[in-house]
Amino acid sequence: TTERAVQREVEEETGIIIPDELIIPQSNNKKENQSAMKLIGVYSDPRRDNRRHIVSVAYALEFSPNVMTTKDGSSVPKAGDDAKEVIAVPLRDIGIKFKEDDWYADHLSILLDFKEQILDDGTLGQGLEDLNSQRKWELYGDVARSTCRKI
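Described below are features of the structure shown in this document. Since the structure is predicted, the reported quantities are computational estimates derived from the model, not experimental observations. (Residues numbered from 1 in each chain as written. Predicted model: local features only at pLDDT ≥ 70, side-chain atom pairs only at ≥ 80, totals over all residues. Heavy atoms only, no water.)

Considering the overall build of the protein chain
No. 1: Of regular secondary structure, the protein chain possesses three helices and five strands.
No. 2: Counted from the first residue to the last, the protein chain has its helices and strands arranged as α-β-β-β-β-α-α-β.
No. 3: Across the 151 residues of the protein chain, 34% fall into the buried class.
No. 4: Sequence-distant contacts in the protein chain: of pairs separated by 6 or more residues, those separated by 24 or more amount to 54%.
No. 5: Of the roughly 9,400 Å² that the protein chain leaves accessible, carbon and sulfur atoms contribute 50%. (Helix = DSSP H or I, 4+ residues; strand = E, 2+ residues; numbered from the N terminus. Buried < 20%, exposed > 50% of the residue type's maximum accessible area, 1.4 Å probe, protein only. Contact = heavy atoms within 4.5 Å. Areas by Shrake-Rupley, 256 points an atom, 1.4 Å probe, with all protein chains shown as cover.)

This is the structure:
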């Protein structure tokens with residue numbers, strides 16, 4: 001499943017181990033808060049990656065150190081496999097401080113979609129009108145995507 005692929009990739013890229021019981025396919029997810037992952041959307045526009053046509057299924061992952069551990073037991077994510085580094089980027093800084101060339105291909109679009117899904121009356125210090133101005137930094141403003149309504 002795509003959820004298992006996320007589980008595997010997160011471990012390879014960051015060392016974070018997501019327990020099997022937290023990998024609940026979205027279609028079987030009876031209680032919204034049981035899954036560690038929430039679907040953000042599916043991104044399939046052929047322009048989104050100049051290497052080849054790639055489809056991405058993007059998930060939001062809630063990292064909770066008391067539930068999720070790392071391979072080395074430190075609960076501190078570390079770069080592995082083909083990741084250069086692991087950094088924490090405040091959500092409010094996506095599209096403001098970190099924009100345009102700070103992200104690969106359409107990753108800014110994916111992150112702004114995520115940001116839009118969790119915005120709740122400006123609780124992140126940003127209104128939706130501010131988010132719309134941040135979208136000017138997207139690779140393609142008209143990128144084709146299928147996104148979820150709310151996380």
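Structural notes on a nonpolar patch on the surface
No. 1: On the surface, V42, V55 and V57 cluster together to form a nonpolar patch covering roughly 200 Å² of accessible area.
No. 2: Position of V42 among the secondary structure elements: in strand β2 (residues 37-43).
No. 3: Take V42: its relative accessible area is 30%, and that puts it in the partly exposed class. (Patch = residues over 30% accessible without salt bridge, like charges linked within 9 Å, V, L, I, M, F, W, Y side chains within 5 Å. Salt bridge = Lys/Arg side-chain N within 4 Å of Asp/Glu carboxyl O.)

A closer look at the pattern of salt bridges
No. 1: Following the criterion strictly, the structure yields two salt bridges and no others.
No. 2: Of the charged contacts in the structure, one is a salt bridge between D20 and R4, with a shortest N-O distance of 3.1 Å. Of the two residues, D20 sits in the loop between β1 (16-17) and β2 while R4 sits in helix α1 (residues 2-14), which places them 16 residues apart along the sequence.

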